[in-house]
Amino acid sequence: MDATLSSSTPGVDATPKKKSFARFLPTAARVFMGLVFFVFGLNGFLEFIPMPKDLNPADPAVAFGIAMKATGFLFALVKGTETVVGLLLLANRFVPLALALIAPVIVNIFLTHAFLAPSGLGLAVMLLAAEIFLAWSYRAAYRPMLAMKVNPGS
C-alpha cells in the first residue's frame, strides 16, 4: 500500500504541517520565571545562596532590603509570594492568577535595579519581558477582568 495520501482524500492534508519553535516560548518563559521566583523566594527564608560579605548599609539598595526586613512582615510577604508563584508557574497551575500576583513584585524588582542597583538590571529586564509576554499569551484570561462595566454575579 502507498504510504502517501492522495490530496483528493477529503479532510486530509497530504503535506504535514511544520511545527514552529515559537510554540515552546510561553512554556520556556513560564518555567524561567517559575525557577527564578521559586529559588529566590526560598532563598529569602533558607539563605542557601550566601550574601556578599562587602555589603554597605549606606548603599540605597542594601538599605531598602534592610528596611523591608525591619518591617517584620514585608520581606516575608514578598518572599512567600515569590515562592508560591514560582511553584504555581512550575506546576502550570493558575498561571494567570500567578502572573497577576507577581506583577507588582516584578515592577518593584525592575525599578529597584533601574534606580538603586543597576548591576542587576539584566535579570530584572528579562523578568519584566517574560511577565509581559506571558500576560499577552494569557490575555484571554484577563479579558473579563478588564471589562469596563460588569454586573455582580455575571
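Residues numbered from 1 in each chain as written. Predicted model: local features only at pLDDT ≥ 70, side-chain atom pairs only at ≥ 80, totals over all residues. Heavy atoms only, no water.

Before going further, it helps to examine helix α1 (residues 25-46). Counted at 1.5 Å a residue, the expected span for α1 with its 22 residues is 32 Å, and the 31 Å between its end C-alpha atoms agrees. Of the residues flanking the end of α1, it is Glu-47, one or two places downstream, whose phi is positive at about 50°. (Helix = DSSP H or I, 4+ residues; strand = E, 2+ residues; numbered from the N terminus. Expected span 1.5 Å × (residues − 1).)

This part takes up the packing of helix α3 (residues 74-91) against helix α4 (residues 95-115). As a packed pair, α3 and α4 sit with axes 9 Å apart at the nearest point and diverge in direction by 140°. The angle between α3 and α4 places the two elements in the oblique class. Along this stretch, α3 crosses α4, giving a crossing that reads as left-handed. For the pair α3 and α4, contact is made by Val-78, Thr-81, Glu-82, Val-85, Leu-88 and Leu-89 and by Val-95, Ala-98, Leu-99, Leu-101, Ile-102, Val-105 and Ile-109, respectively. A class-by-class count of the residues in the contact of α3 with α4 yields 11 nonpolar, 1 polar and 1 charged. (Axes fitted to C-alpha atoms, helices over the stretch in contact; angles between N-to-C directions. Parallel < 35°, antiparallel > 145°, perpendicular 65-115°, else oblique. Left-handed = near helix turned anticlockwise from the far one by under 90°. Contact = heavy atoms within 4.5 Å. Nonpolar A, V, L, I, M, F, W, Y, C, P; charged D, E, K, R; others polar.)

So, about the packing of aromatic side chains. What the rule picks out here adds up to 1 aromatic pair. Ring geometry for Phe-21 versus Phe-24: centroids 6.2 Å apart, planes at 55°, classification tilted. The ring of Phe-75 has Lys-69 lying over it, and the distance from NZ or CZ to the ring centre is 4.9 Å. If you follow Arg-139 out to its NZ or CZ, it ends over the ring of Trp-136, 4.2 Å from the centre. (Phe/Tyr/Trp six-rings, centres within 6.5 Å; stacked < 30°, edge-to-face > 60°. Lys NZ or Arg CZ within 6 Å of the ring centre and 35° of its normal.)

Before going further, it helps to spend a moment on the nonpolar core. Formed by 20 residues in total, the largest nonpolar core has its most connected members in Met-33, Phe-37, Leu-89, Leu-99 and Ile-102. If you list the elements that add at least two residues to this core, you get α1, α3, α4 and α5 (121-137). Top contributing element to this core by residue count: α4, with 6 residues. Setting aside residues no more than four positions away along its own chain, Met-33 makes contact with Leu-89, Leu-99, Ile-102, Ile-106, Leu-127, Ala-130, Glu-131 and Leu-134. (Core = buried A, V, L, I, M, F, W, Y, C linked by side-chain atoms within 4.5 Å. Buried < 20%, exposed > 50% of the residue type's maximum accessible area, 1.4 Å probe, protein only.)

Locating Asn-43 in the fold gives a position in helix α1. In this structure Asn-43 comes out as buried when scored by relative accessible area, which is 12%. Leave out the neighbours within four places in its chain, and Asn-43 touches Phe-48 and Ile-49.

The relative placement of two packed helices comes down to the angle between their axes together with the axis-to-axis distance. The contact between α1 and α5 brings their axes to 10 Å, and the two run at 130°. As judged from the angle between their axes, α1 and α5 are oblique. Note that α1 runs across α5; the crossing there is left-handed. Two secondary-structure elements touch here, α1 through Leu-25, Pro-26, Ala-29, Arg-30, Phe-32, Met-33, Val-36 and Phe-37 and α5 through Leu-123, Met-126, Leu-127, Ala-130, Glu-131, Phe-133, Leu-134 and Ser-137. Tallied by class, the residues present in the contact of α1 with α5 amount to 13 nonpolar, 1 polar and 2 charged.

Right, let's talk about the UniProt feature "transmembrane region" (unreviewed entry) in the protein for a bit. Following the UniProt record, one finds the feature "transmembrane region" (unreviewed entry) at residues 27-49, 61-78, 90-111 and 117-138. Here residues 27-49 is 87% helix and 0% strand, with 26 Å between the C-alpha atoms at its ends. Secondary structure across residues 117-138 comprises 77% helix and 0% strand; the distance between its end C-alpha atoms is 31 Å. (UniProt positions renumbered as here; feature names shortened; annotations may be inferred.)

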